[in-house]
Amino acid sequence: METSHSGDELARILATLANPHRMRVIAALSEGRNYVSALARELGISRPLLQLHLAKLEAAGLVTAAFELSTDGKAMKYYDTVPFTVTLTPQSIALAARTLTTEEGDS
């Protein structure tokens, strides 16, 4: 099933995925949900840096987060990917470009 995105959505998704750390986070989470500490160890980055990237991925709608209690009663935040498809063709980009509401240089 092909999913089309508005121009703004496509720009946000591509900008978010342009960072190699965020691509690695998506790759790790594609194998199954995980909590921050374990994911940070797996990726070899600090928890604060990982949390920054997870926040950006969550804002772009690419991951979700949920708190769960561990067996010892500690709250743990688990992240998982949201199913998404991005199809890039000249035609899909042209369609998305027609709906852009931001100008070049806007953030």
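Just so you know, these numbers come straight off a predicted model, no measurement behind them. (Residues numbered from 1 in each chain as written. Predicted model: local features only at pLDDT ≥ 70, side-chain atom pairs only at ≥ 80, totals over all residues. Heavy atoms only, no water.)

## Regarding the sheet that holds strand β2 (residues 63-69)
And step 1. Across the sheet, three strands lie side by side as β1-β3-β2; this open sheet has antiparallel pairing. The open sheet has two edge strands, β1 (34-35) and β2, and neither has a second partner.
And step 2. Sheet topology places β2 next to strand β3 (residues 75-81); seven bridges connect them, and they run antiparallel. Within the sheet, the bridge partner assigned to Ala66 lies in β3 and is Tyr78.
And step 3. Strands β1, β2 and β3 of the sheet are contacted by helix α2 (residues 20-29), whose axis makes an angle of about 95° with β3. (Pairing = 2+ DSSP bridges. Helix = DSSP H or I, 4+ residues; strand = E, 2+ residues; numbered from the N terminus. Contact = heavy atoms within 4.5 Å. Axes fitted to C-alpha atoms, helices over the stretch in contact; angles between N-to-C directions.)

## Side note on the UniProt feature "domain: HTH arsR-type" (unreviewed entry) in the chain
And step 1. Using the residue numbers shown here, the UniProt feature "domain: HTH arsR-type" (unreviewed entry) corresponds to residues 12-98.
And step 2. Measuring from the first to the last C-alpha atom of residues 12-98 gives 15 Å, for a span that is 52% helix and 18% strand. (UniProt positions renumbered as here; feature names shortened; annotations may be inferred.)

## Brief notes about a nonpolar patch on the surface
And step 1. Side chains of Leu14, Leu88 and Ile93 sit close together on the surface and give an oily, nonpolar patch of about 250 Å² of accessible area.
And step 2. Along the chain, Leu88 turns up in the loop between β3 and α5 (90-97).
And step 3. Leu88 gets classed as partly exposed once you look at its relative accessible area, which sits at 47%. (Patch = residues over 30% accessible without salt bridge, like charges linked within 9 Å, V, L, I, M, F, W, Y side chains within 5 Å. Areas by Shrake-Rupley, 256 points an atom, 1.4 Å probe, with all protein chains shown as cover. Salt bridge = Lys/Arg side-chain N within 4 Å of Asp/Glu carboxyl O. Buried < 20%, exposed > 50% of the residue type's maximum accessible area, 1.4 Å probe, protein only.)

## Remarks on the packing of aromatic side chains
For any pair of aromatic rings, the description rests on two quantities: the centre-to-centre distance and the angle between the ring planes.
And step 1. Counted under the stated rule, the structure contains one aromatic pair.
And step 2. One cation-aromatic arrangement involves Arg33 over Tyr78; the distance from NZ or CZ to the ring centre is 4.1 Å. (Phe/Tyr/Trp six-rings, centres within 6.5 Å; stacked < 30°, edge-to-face > 60°. Lys NZ or Arg CZ within 6 Å of the ring centre and 35° of its normal.)

## A closer look at the side chain of His53
And step 1. Within the secondary structure, His53 sits in helix α4 (residues 47-59).
And step 2. Taking the relative accessible area as the measure of exposure, His53 reaches 4% and is therefore buried.
And step 3. At 2.9 Å, the side chain of His53 and the side chain of Arg22 are in polar contact.
And step 4. Discounting residues that sit within four places of it in the chain, His53 has contacts with Asn19, His21 and Arg22. (Polar contact = N/O pair within 3.5 Å; in protein donor to acceptor, adjacent residues only side chain to side chain.)

## A few points about the nonpolar core
And step 1. Residues Val25, Leu29, Leu39, Leu50, Leu54, Leu57 and Leu62 are the most contacted members of the largest nonpolar core, which totals 17 residues.
And step 2. Looking at this core, the elements with two or more residues in it are α1 (7-17), α2, α3 (36-43) and α4.
And step 3. Ranked by the residues each element gives to this core, the list is headed by α2, at four residues.
And step 4. Leave out the neighbours within four places in its chain, and Val25 touches Leu39, Leu43, Leu50, Leu54 and Leu57. (Core = buried A, V, L, I, M, F, W, Y, C linked by side-chain atoms within 4.5 Å.)

## Side note on the pattern of salt bridges
And step 1. Per the counting criterion, the structure on display carries one salt bridge.
And step 2. A salt bridge links Glu68 to Arg33, with the shortest nitrogen-to-oxygen separation between them at 2.8 Å. In this pair, Glu68 sits in strand β2 while Arg33 sits in the loop between α2 and β1, placing the two residues 35 residues apart along the sequence.

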